[in-house]
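What the coordinates show
Here is how the chains run, residue by residue.
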Amino acid sequence: MGKLRILCAVVLMAVSVLVSARERVIVVKAGDAGSLLEAIDEANRQNADSLSKQLYILIPDGLYDLGERTLTTLTGHNISLIGQSMAGTIIKNTPPVEMEGISKTATIRNMASGIFLQDLTLQNALDYYHSGAAGRAVCYHDKGTRSILNRVRMLSYQDTYYTDNVEGQTYLLDAEIHGTIDFICGAGDVFFDHCLIVTEPRNTDGTGEDVIAAPRTLDTPWGYIFSDCTIESRLSKFLYARGWQKTPHCVWLNTTLLTPDLLLPSRFDPQGMRTINSDFREYHTTDLQGNDITPSSNIITFTLDDNKNTVETVISSEEAAKYQLKNVFPKWRPEKQLKKLSRKAEKLKKQYL
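Within each chain, residues carry numbers counting from 1 in the order of the written sequence. The predicted origin of the model limits local features to residues at a pLDDT of at least 70 and limits the giving and counting of side-chain atom pairs to 80 or more, whereas totals for whole chains, interfaces and linings rest on all residues. Computation of side-chain values covers all heavy atoms of the structure but excludes hydrogens and water.

Some remarks on the environment of Ile276
The condition that has to hold: Put simply, DSSP marks the helices as runs of H or I at least four residues long and the strands as runs of E at least two long, and each gets a number from the N terminus on. It only takes one pair of heavy atoms within 4.5 Å for two residues to be counted as in contact.
As for its position among the elements, Ile276 is in the loop between β23 (256-257) and β24 (279-283). As a C-alpha pair, Ile276 and Glu68 span 208 residues in sequence and 38 Å in three-dimensional space. Apart from the residues lying within four places of it in its own chain, the contact partners of Ile276 are Phe302, Thr303, Leu304, Asn307, Lys308 and Asn309.

Here's what the structure looks like:
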């Protein structure tokens, strides 16, 4: 009891504080960006070892405005950033337009393993529509592996969510990702489970075309798998994906389109950026009423300069069955780990928030 009283006294004096050494919890002061940064620094220090036990940073509802600060980095392993609610806990930065770039602008950057994010929004508020030819502004730059994102909303336009580990493994459940061009991009094997994908207007007047995903699969077998996701389109026409480099893999399974008329006829971009070896697949796409609107066949010739690669993108139910979560991550069960971490996070939120 004496130790607990001391800790509680520190809560009143410090911006953020280790509330319970036993439960490994840090509580952030509501709406205080400095408190959040202090908590991340402390978590990085405590969990520098890859074998560290899970440490929870609890973030009450509020706006945590980082200003022009970029690349707030998680270097500690097995750290959980837990917001009070997805809509109410907002971590935001606003890089100047001249800083735009995929490797320079991130709101949060992960360099570690075992990171867990739940119930929060990441927003990169770079002024996209006045940024010229490009407006690359990343919300979450993931150079780590075995990351899990549960009920995380990411708000930006170009390069919103960037997976930057060629051997990385990531699982997202009930996430919400907004953007315009290549706004889900990068390497590794990433499983998007029941996520909401929102395409924003490419230009303010709705002209132009959006591209959701730009994978650059290198050393992993699966790439991007979108399973039971919903696409909400806001004005601009869009494509599922385009190839970035190497042999990009991307499959859309049981997708619901809220505005199917905005999906361009080719469904995937036939013009590769640096490759023609795009392994793109689609199975059982439906409209909001549940009608199957997948074409019986969609043969695409991917081209780059004088090189061509013709493939069928529509797959059978037997082929689609290969993309089960247990097959994608046979040595890692992220859905079980998520349930365990989420259960603990909810308990801690009731206790401390």
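Continuing now.
Some points on the environment of Phe226
Filter applied, for reference: Working definition: with a 1.4 Å probe on protein chains only, accessible area under 20% of the residue-type maximum means buried, over 50% means exposed, and in between means partly exposed.
Topologically, Phe226 is positioned in strand β19 (residues 224-227). Under the relative-accessibility criterion, Phe226 is labelled buried at 0%. Along the primary structure Phe226 and Leu172 are separated by 54 residues, whereas in three dimensions their C-alpha atoms are 9.7 Å apart. Setting aside its immediate chain neighbours within four residues, Phe226 contacts Ile184, Phe192, Ile197, Ala213, Cys250, Val251, Trp252 and Leu253.

Side note on the sheet that holds strand β5 (residues 72-74)
Strand pairing in a sheet is mediated by backbone hydrogen bonds. Such pairs are either parallel or antiparallel. Applicable threshold: Two strands qualify as a pair provided DSSP detects at least 2 bridges between them. Orientation is described by lines fitted to C-alpha atoms, with helices fitted over the stretch in contact, and by angles between N-to-C directions that extend from 0 to 180 degrees.
Spatially, β5-β8-β10-β12-β15-β18-β21 is the arrangement adopted by the seven strands of the open sheet, whose pairing is parallel. Two strands bound the open sheet, and with one partner strand each, they are β5 and β21 (237-241). On average, each strand axis in the sheet is inclined to that of its neighbour by 15°, with strand direction left out of account. Of the strand pairs in this sheet, β5 and strand β8 (residues 108-110) are connected by three bridges, and their pairing is parallel. Counted as the bridge partner of Thr73 is Arg109 from β8.

Details of the packing of aromatic side chains
Spelled out, the test is: For Phe, Tyr and Trp, rings pair up if their centres lie within 6.5 Å, where Trp contributes its six-membered ring, and each pair is then called stacked (planes under 30 degrees apart), edge-to-face (over 60) or tilted (otherwise).
All chains considered together, the criterion is met by 17 aromatic pairs. Between Phe192 and Phe226, the ring centres sit 4.3 Å apart and the planes meet at 5°, which makes this aromatic pair stacked. With Phe192 in strand β16 (residues 189-193) and Phe226 in strand β19, this residue pair connects regions lying 34 residues apart in the sequence. Under the relative-accessibility criterion, Phe192 is labelled buried at 0%.

Regarding the pattern of salt bridges
To keep things clear, this is the line we draw: A pair is scored as a salt bridge if a Lys or Arg side-chain nitrogen falls within 4 Å of a carboxyl oxygen belonging to Asp or Glu.
Following the criterion strictly, the structure yields 14 salt bridges and no others. When the shortest N-O distance is used, the salt bridge between Arg267 and Glu282 registers 2.7 Å. In this pair, Arg267 sits in the loop between β23 and β24 while Glu282 sits in strand β24, placing the two residues 15 residues apart along the sequence. Pair check on accessibility: Arg267 and Glu282 agree, each one buried. Arg281 is the partner of Asp279 in a salt bridge, and the nearest nitrogen-oxygen pair spans 3.1 Å. Through salt bridges with shared partners, a single ionic network connects Asp119, Arg151, Glu346 and Lys349.

With respect to the nonpolar core
As a reminder of what qualifies: Side-chain atoms within 4.5 Å are what join buried Ala, Val, Leu, Ile, Met, Phe, Trp, Tyr and Cys residues into a set we call a nonpolar core.
Ile57, Met154, Leu172, Ile184, Phe192 and Phe226 are the most contacted members of the largest nonpolar core, which has 59 residues in total. Sorting elements by how many residues they give to this core places helix α2 (residues 33-46) first, with six residues. Ignoring sequence-local partners within four residues, the contact set of Leu172 consists of Leu149, Met154, Tyr161, Ile177, Val190, Phe191, Phe192, Asp193 and Cys195. The next biggest cluster of nonpolar side chains, apart from the first, holds 25 residues, and it includes Leu253, Tyr323, Leu338 and Leu341.

Overview of the pairing of strand β18 (residues 209-215)
In terms of burial, β18 is largely enclosed, as six of its seven residues are buried. Bridge analysis of strand β15 (residues 181-186) against β18 gives four bridges, and the strand direction is parallel. Bridge pairing links Gly186 to Pro215 in β18.

Here we look at the pairing of strand β11 (residues 147-155)
Among the nine residues in β11, seven count as buried, and that is most of the element. In this structure, strand β9 (residues 116-124) lies alongside β11, joined through seven bridges in parallel fashion. Along β11, the bridge assignment pairs Thr121 with Arg153. Relative to strand β13 (residues 169-173), β11 runs parallel, the two being bridged by four bridges. Paired with Ile148 across the two strands is Tyr171, which belongs to β13. Strand direction decides the pairing type here: β11 and strand β14 (residues 176-179), joined by two bridges, are parallel. Each bridged residue has a counterpart across the sheet, and for Met154 the counterpart in β14 is Ile177.

Some remarks on unusual backbone geometry
Phi at Asn78 takes a positive value of approximately 55°, unusual for a residue other than glycine. In the Ramachandran plot, Asp174 falls in the positive-phi region, its phi being about 55° despite a non-glycine side chain. Tracing the chain through its elements places Asp174 in the loop between β13 and β14. Taking relative accessible area as the criterion, Asp174 reaches 35% and is therefore assigned partly exposed.

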